[in-house]
Amino acid sequence: TQDPLDTVKSAVAKQKAVLVDVREPDEWQRGHVAGARLVPLSTLERGVNPDDIARRIPKGTVIYTYCMVGGRSVASARFLRTLGYDVRPLKQGYPELVRHGFPSATGD
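Residues numbered from 1 in each chain as written. Predicted model: local features only at pLDDT ≥ 70, side-chain atom pairs only at ≥ 80, totals over all residues. Heavy atoms only, no water.

1. Remarks on the overall build of the chain
Selection criterion: Numbered from the N terminus, helices here are DSSP runs of H or I no shorter than four residues, and strands are runs of E no shorter than two. Here the globule rule reads 2.2 Å times residues to the power 0.38, and the radius of gyration is calculated from C-alpha atoms. Burial classes follow relative accessibility: with a 1.4 Å probe on protein chains only, a residue under 20% of its type's maximum area counts as buried, one over 50% as exposed, and anything between as partly exposed. A contact between two residues is defined here by any heavy atoms of the two lying within 4.5 Å. Under the convention used here, a 1.4 Å probe and the Shrake-Rupley method define accessible areas, while residue burial counts only the protein chains that appear. The charged-residue count follows a simple rule in which Lys and Arg add positive charge and Asp and Glu add negative charge, with His and chain termini not counted at all. Note on charges: their place is set at NZ of Lys, CZ of Arg, CG of Asp or CD of Glu.
Helix and strand content of the chain: six helices and six strands. Starting at the N terminus, the α and β elements of the chain follow one another as α-β-α-β-β-α-α-β-α-β-α-β. Taken against the 2.2 N^0.38 rule, which gives 13 Å for 108 residues, the C-alpha radius of gyration of the chain at 12 Å falls within 12% of a compact globule. Viewed in the frame of its principal axes, the chain has a C-alpha envelope of about 35 × 30 × 20 Å. Buried positions account for 44% of the 108 residues belonging to the chain. Sequence separation of 24 or more characterises 64% of the internal contacts of the chain that already satisfy a separation of 6 or more. Carbon and sulfur atoms provide 51% of the accessible area of the chain, an area that totals close to 5700 Å². Side chains of the chain give 16 positive and 12 negative charges; the mean places of these two sets differ by 4 Å.

2. Section: the pattern of salt bridges
Short version of the rule: Criterion for a salt bridge: a side-chain nitrogen of Lys or Arg within 4 Å of a carboxyl oxygen of Asp or Glu.
Summed over all chains, the structure comprises six salt bridges. Between Asp21 and Arg23 there is a salt bridge, with its nearest N and O atoms 2.7 Å apart. For Asp21, a relative accessible area of 0% corresponds to the buried category. Arg23 gets classed as buried once you look at its relative accessible area, which sits at 2%. Here Asp26 and Arg30 are joined by a salt bridge, their closest N and O atoms 3.5 Å apart. Pair noted here: Asp26 and Arg30 are both in helix H2 (residues 25–30), with a separation of four residues, about one helical turn. Classification of Asp26 as partly exposed rests on a relative accessible area of 44%. Shared partners join several salt bridges into a network, and the residues in it are Asp3, Asp86 and Arg88.

3. Notes on the sheet that holds strand E5 (residues 86–89)
What counts, and what does not: DSSP calls a pair of strands paired once it identifies at least 2 bridges connecting them. Lines are fitted to the C-alpha atoms to define the axes, a helix being fitted only along its stretch in contact, and any angle between axes, read from their N-to-C directions, falls within 0 to 180 degrees.
In space, the four strands of this open sheet follow the order E3-E1-E4-E5, with parallel pairing throughout. The sheet is open, and its two edges are formed by strand E3 (37–38) and E5, each paired on a single side. The sheet contact formed by strand E1 (residues 17–21) and strand E4 (residues 62–66) spans five bridges and is parallel. Residue pairing for E4: Ala17 is matched across the bridge by Val62. Running over the sheet, helix H5 (residues 71–82) touches E4 and E5 and is turned about 175° from E5.

Here you go:
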């Protein structure tokens, strides 16, 4: 996405956007952006029921995907777009998001 991180942070705070972490569960456990939803790329690659994804990710809002360095974020966006989501993959990974002031959480 071309959206600056300040725009992303503001949209998420105003509930106009949702952050989706596409890393694996073990990575998520070690740390993730507070309030993000976990939808691993590996899950999307195996094939998912659209209803299962809809329970985790709301339709009608901007979805920002992130991973560690950006590659999985882009790949996940392709899958989610086929399900009708407005997805904007972030080039910045989890460490950079935290450095930019996104709150961090650990565990579930």
